[in-house]
Amino acid sequence: MNQWEVVIGIETHAQLATVSKIFSGASTAFGAEPNTQACAVDLALPGVLPVLNRQAVECAIRFGLAIDAEVARKSVFARKNYFYPDLPKGYQISQMDLPVVVGGQIAVQVGQGDKAYEKVVHLTRAHLEEDAGKSLHEDFHGKSGIDLNRAGTPLLEIVTEPDMRSSDEAVAYAKALHALVQWIGICDGNMQEGSFRCDANVSVRPKGQAEYGTRREIKNLNSFRFLKEAIDFEVQWQINEIEEGRRIQQATVLFDPDSGETRMMRSKEDAHDYRYFPDPDLLPLIISEEWIDRVRGGLPELPVHKRARFVSEFGLSVYDATTLTASQEMAAFFEATVAVAGQSHAKPCANWVMVDLAARLNKEGQEIATSPVSAQQLGGLILRIADNTISNNIAKKVFEALWNGEGATADEIIEKQGLKQITDTGAIEALVDAVLAANAANVAEFRAGKEKAFNALVGQVMKAAKGKANPQQVNDLLKKKLAD
Amino acid sequence: MINASLKQLSQALAAKQISSLELTQLFVDRIARLNPTLNAFITIDAEKSLAAARAADVRIAAGTAGRLTGIPIAQKDIFCAEGWRTTCGSKMLANFVSPYDATVIRKMESEAGLVSLGKTNMDEFAMGSSNETSFFGPVRNPWDTERVPGGSSGGSAVAVAARLAPAATGTDTGGSIRQPAALCNLTGLKPTYGVVSRYGMIAFASSLDQAGPMAASAEDCALLLNSMAGFDERDSTSLERPAEDYSRDLEKPLAGLRIGLPKEFFGEGCDAAVMAAVRAALAEYEKLGATTVEVSLPNSHLSVAAYYVIAPAEASSNLSRFDGVRYGFRAEDYGNLDDMYMKSRAQGFGAEVKRRIMIGAYVLSHGYYDAYYLQAQRIRRLIANDFVEAFKFCDVIMGPTSPSTAFKLGEKAADPVQMYLSDIYTIAVNLAGLPGMSVPCGFVGGLPVGLQLIGNYFAEARLLNAAHRYQQATDWHLRRPLGLG
């Protein structure tokens, strides 16, 4: 394994979040009864013609700008000709020689903790095309059914250079791309519904060899786990083949999630000749400077810029900044929390959003956008920790109370439930004295050198204080009294 | 009334001298009597036509009628018309009833109020120059029923020439309006590419196809084109221009008109008697005050070759939708999916269509694309540039429409290349996207000869003017075939 280098390139089909189809006025909504969202154009009736959807083009421009690519001033739609029942025209309208987006790059974080590193993945191109319909092979008594609702749904096909060197890099890229397309609002990212699906081109070569090995393309991977499993299996399979003296043949393969294996769909010899040529029904797509500027003006702050700002402005680690910019909703929640708690408390804000809130949301299967605890509430809670009104432990109780709607603000809950921290030295001293008097055995153990006994005494004091005593003050007083 | 012009019919309807219902009934009866011999129509539906006529009469009575409301016309069977069987001359669509209207149909029938008499015969998928490739049998030329009417709009041409309809629509990809107009003594106009919407017009070669009027005179063509043309947001290649009245310049004097005569159109390859008729027409133009100047279209000899790469390439892809899956013909007794495709397409398409699909697939295939398709596109640009150069020296280009008069049924059917050469003078106009017309200019052995007029982009009104003034001075266009009864 160690003398082999893995080379991976990824092609992603992102379904664009437009209201209507790329070349017709039919709706793109998912889940309707078969063939109820296919108009004359989608059915390819004789005589119908395509008309390009401006919204789909705008999505492509947004993407091009977000990855710092060249948005082509002129691009051309081409016909990819092949016969299949779910392809009503007998050709797919796509882009071939002149795609709408050229080049660009995405910087991704690979791995976690100390082993984390940044990897820049370069993109070859991204082009607009239409999706096909679906063939339904069940429930038709030996026949196949065709559902053309999906036919004509706009897709952006995003193609990388063969830049990735492991399945982890491939998954990190796919996740970053998945986050980005949602971030800029061009794709809903729903992988179960097929809105975001990846093909992986995989090859291996001896380390140090300049030329690439022969690649095989794994089609239609619709989860990050399958992407990783499929690549790992394929890499091992290719290495075994070569080590056993066989050559890799260029092929398209499918991944079977049940067996965890890839199997050949068609070899290069069976590959179609798609007979691409410019679609004479559509004029070249001309994108003006003004149009690009207008789209640029409407773009949100991009994750890469936000991440850098979180590091420089808030002093967060790159890892934290990356986690908080995984989605626009999370970043917005974090920033709104900081706005209440103050920039000097950005670090605890980050921790609360990334750890406590994330865990609670995850447990309930909820999204941050609809979190029962608002950023304002969380910010108010963090303020009360910072000014010593409550301890971290009590804060967790207050958070739980906010989650359950027991009060509108942290202050209200602290007040109503009497959770305010006891910081009065006299009051704490009285509690300490009472505990020391009642727990002579622990005191003796501690004096005999058992450190554990100290913790037991702290616990007793906190219990007597119903958790509200300032832990630092309890510690200090106990130590002082025991030393006396 | 049978021989009346659109203008006369319009006036008669407005003056209530005749109702649309009476007028339509006249033509319905004439079709019933003569169509069995001529085979100009594939589909007629008298009930539908008469219902449309009644609706037109309501509009006329209500005072909401347009100029053409209530006038019957024939529609080429390439236009999808809601509720009408729309076959494109093919077995593949012999059972296809369109659920929607082409933009041309909507504009002419729903908006202008024209009354459809039926769907006219044509070469299968508009591929042919004689109407012999139709699945529904050949159309017979009323000037000699042993001869072809030309194609592909042969049914429309014969419907008008035999007065089964006052006027008709046609489509022209390489000459399919102009050549049958020439062979049947009609006036036909192919507009600038993009003037008439292609939405709902079954595609043969998308970058060349253009619909236009076929009628007895330039004046009728102008009136008809007014009802057909206009920007359509459903057709991305339709041109966004202000609406025009194509009859506005009809009466303009021709003094000072510069006529360009391409030397390539006056050399070999044309029947001498046809050429003599064309030259006589040019002499008539000079009498009307026009001057002639020799121009050159140096690449025009490449037009047929380039056309027979580009048109089949586009057709091979356009016709892929006819796969037997969703509508149209599906073979019986197929095994698997590939078998269904192959049998349905092998049985559903005729020989000429299959020939062009094969040529098209070949020229687009890997390894041949550059040598054929790209090269043909380069030639296409050269041909368009030739015209741009020529129009620096003239206003209208003239020459023969077709190198011969109507040929005998079967005469060229076995020789595709001879058939393709029927369009030698018309094809370059489609490649360049220019407007072109054919106008009757004489007879050879009792058969009509057509004069071709080619204009610069958007010069339809100028062409119609030149044709109309000629028709004021001559009566070729008024001659009717005898012996039809």
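Residues numbered from 1 in each chain as written. Chains lettered and ligands numbered in written order. Predicted model: local features only at pLDDT ≥ 70, side-chain atom pairs only at ≥ 80, totals over all residues. Heavy atoms only, no water.

The next point concerns the overall build of chain B. Across its full length, chain B holds 15 helices and 11 strands. Rg of the C-alpha trace for chain B: 21 Å, near the compact-globule value of 23 Å for 485 residues, within the 12% margin. Reported as C-alpha extents along the three principal axes, the dimensions of chain B are approximately 65 × 55 × 45 Å. For chain B, buried positions account for 64% of its 485 residues. Nonlocal contacts in chain B, meaning residues at least 24 apart in sequence, comprise 76% of its contacts between residues at least 6 apart. (Helix = DSSP H or I, 4+ residues; strand = E, 2+ residues; numbered from the N terminus. Rg over C-alpha atoms; globule rule 2.2 N^0.38 Å. Buried < 20%, exposed > 50% of the residue type's maximum accessible area, 1.4 Å probe, protein only. Contact = heavy atoms within 4.5 Å.)

A separate point is the interface of chain B and chain A. Many descriptions give the size of an interface as the accessible area lost when the pieces come together. Residue-level contacts link 38 residues of chain B with 29 residues of chain A. With both sides pooled, the region where chain B packs onto chain A buries about 2700 Å², and carbon together with sulfur makes up 59% of that total. The largest share of the area that chain B buries against chain A comes from S236(B), R321(B) and R326(B), three residues that together contribute 22% of it. Across the chain B-chain A interface, the total number found is one salt bridge. (Buried area = accessible area lost by both parts, 1.4 Å probe. Salt bridge = Lys/Arg side-chain N within 4 Å of Asp/Glu carboxyl O.)

Below, the discussion takes up the layout of surface pockets. Residues and elements named next belong to chain A. A volume near 1800 Å³ is recorded for the second largest pocket. Lining the second largest pocket are 49 residues, with K175, A179, T322, A326 and S327 positioned closest to its centre. Here the element with the most residues in the lining of the second largest pocket is helix α2 (residues 167–183); it accounts for 10 residues. Mapping the lining of the second largest pocket onto the domain boundaries places at least three of its residues in each of domain 1 (4–293) and domain 2 (301–416). (1 Å grid on protein atoms, 1.4 Å probe; cavity = no way out; pocket = protein on both sides within 12 Å on 5 of 7 lines; lining within 4 Å. Points joined across faces, edges and corners; volume = space filled by probe spheres on them. Domains from an automatic or database assignment.)

The next point concerns empty space enclosed by the protein. For the coordinates displayed, the defined rule picks out five cavities of 30 Å³ or more. Approximately 190 Å³ is the volume attributed to the largest cavity. Around the largest cavity, the lining is made up of 23 residues, and of these V41(A), D42(A), K89(A), I93(A) and E130(A) lie nearest the centre. Split into classes, the residues belonging to the lining of the largest cavity amount to 11 nonpolar, three polar and nine charged. The volume enclosed by the second largest cavity comes to roughly 60 Å³. As for the second largest cavity, its lining consists of G47(A), V48(A), L49(A), Y91(A), D281(A), I202(B), A203(B), N318(B), R321(B) and F322(B). (Nonpolar A, V, L, I, M, F, W, Y, C, P; charged D, E, K, R; others polar.)

Moving on to the sheet that holds strand β4 (residues 77–81) of chain A. Residue and element names in this part refer to chain A. The strand order β5-β4-β16 describes an open sheet built from three strands, whose pairing is antiparallel. Strand pairing shows two members of the sheet lacking a second neighbour, β5 (91–95) and β16 (277–278), which therefore form its edges. For β4 and β5, the ladder comprises five bridges, and the chain directions are antiparallel. Bridged to F77 within β5 is Q95. (Pairing = 2+ DSSP bridges.)

Put simply, G151(B) and S152(B) share a cis peptide bond, and its omega is 10°. Inspection of the secondary structure puts S152(B) in the loop between β3 (115–120) and α5 (154–161). Positive phi outside glycine occurs at D68(A), with the angle close to 60°. For D68(A), the location among the structural elements is in the loop between α1 (54–66) and β2 (70–71). The class of D68(A) is exposed, set by a relative accessible area of 67%. Even without being glycine, N388(A) reaches a positive phi, approximately 70°. Within the secondary structure, N388(A) sits in the loop between α9 (375–386) and α10 (392–403). Take N388(A): its relative accessible area is 44%, and that puts it in the partly exposed class.

Let us look at the pairing of strand β11 (residues 447–455) of chain B. Consecutive side chains of a regular strand alternate in pointing toward one face of the sheet and then the other. Residues and elements named next belong to chain B. Here β11 lies mainly inside the structure; nine of its nine residues are buried. Sheet analysis places strand β9 (residues 396–400) next to β11, joined by five bridges and oriented antiparallel. Of the residues in β11, the one forming a bridge with V396 is G455. Relative to β11, strand β10 (residues 436–444) is paired through eight bridges, and the arrangement is antiparallel. If you follow G436 over to β11, its bridge partner there is I454. In this antiparallel pair of consecutive strands, β10 and β11, the connection spans two residues, and G445 shows a positive phi of 60°.

Turning to a nonpolar patch on the surface, a few remarks are in order. A surface patch of nonpolar side chains, about 280 Å² in accessible area, is lined by Y362(B), Y368(B) and Y372(B). In this fold, Y362(B) is placed in helix α11 (residues 351–364). (Patch = residues over 30% accessible without salt bridge, like charges linked within 9 Å, V, L, I, M, F, W, Y side chains within 5 Å. Areas by Shrake-Rupley, 256 points an atom, 1.4 Å probe, with all protein chains shown as cover.)

Of all hydrophobic cores here, the largest spans 159 residues; its most connected members are F125(B), Y285(B), F387(B) and L453(B). Sorting elements by how many residues they give to this core places helix α9 (residues 303–318) of chain B first, with nine residues. For L453(B), the residues in contact, after removing those within four places along its chain, are Y285(B), V396(B), I397(B), M398(B), P435(B), G436(B), M437(B), V439(B), L463(B), A466(B) and A467(B). In this structure, V121(A), V353(A), A410(A) and L419(A) belong to the second largest nonpolar core, which totals 109 residues. (Core = buried A, V, L, I, M, F, W, Y, C linked by side-chain atoms within 4.5 Å.)

Right, let's talk about the pairing of strand β7 (residues 105–110) of chain A for a bit. Residues and elements named next belong to chain A. With burial as the criterion, only one face of β7 is covered, namely that bearing I106, V108 and V110; the residues Q105, A107 and Q109 on the opposite face remain uncovered. Summarising the sheet, β7 and strand β8 (residues 117–130) pair through six bridges and their orientation is antiparallel. Bridging across to β8, Q109 finds its partner in E118. The loop that links β7 with its antiparallel partner β8 comprises six residues; one of these, G111, has a positive phi angle of about 80°.

Note that G212(B) resides in strand β6 (residues 210–215). For the pair G212(B) and A290(B), spaced 78 residues apart in sequence, the C-alpha separation works out to 26 Å.

All names here are of chain A. For Q37, the position within the fold is in the loop between β1 (4–15) and α1. Reaching out from Q37, the side chain makes a polar contact with the backbone oxygen of A29 at a distance of 2.7 Å. Not counting residues up to four positions away in its chain, the partners in contact with Q37 are K21, A26, S27, T28, A29, A32, D42, L148 and N149. (Polar contact = N/O pair within 3.5 Å; in protein donor to acceptor, adjacent residues only side chain to side chain.)

Here the focus is the domain arrangement of chain A. Residues and elements named next belong to chain A. Domain boundaries in chain A define domain 1 (4–293), domain 2 (301–416) and domain 3 (425–483). In this structure, domain 1 and domain 2 have C-alpha centres spaced 36 Å apart. Taken residue by residue, the interface counts 10 residues in domain 1 and 13 residues in domain 2. Buried surface at the junction of domain 1 and domain 2, summed over both partners, amounts to about 860 Å²; 63% is from carbon and sulfur atoms. Taken together, the connections running from domain 1 to domain 2 amount to one salt bridge. For the salt bridge of E118 with R307, the shortest nitrogen-to-oxygen distance reads 3.3 Å. Where domain 1 touches domain 2, the interface holds two residue pairs in polar contact (both at pLDDT 80 or more).

To continue, consider the packing of aromatic side chains. All chains considered together, the criterion is met by 29 aromatic pairs over all chains. Measuring from ring centre to ring centre gives 5.7 Å for F446(A) and F454(A), while their planes differ by 40°; the resulting arrangement is tilted. A residue is classified by how much of its surface remains accessible, and F454(A), at 8% relative accessible area, is buried. Each member of the aromatic cluster is reached from another via a ring pair, and the members are F96(B), F125(B), F322(B), Y327(B) and F349(B). Its end group placed over the ring of W291(A), R54(A) keeps NZ or CZ at 4.2 Å from the ring centre. Of note, K48(B) hangs over the ring of W84(B), and the distance from its end group to the ring centre comes to 5.8 Å. (Phe/Tyr/Trp six-rings, centres within 6.5 Å; stacked < 30°, edge-to-face > 60°. Lys NZ or Arg CZ within 6 Å of the ring centre and 35° of its normal.)

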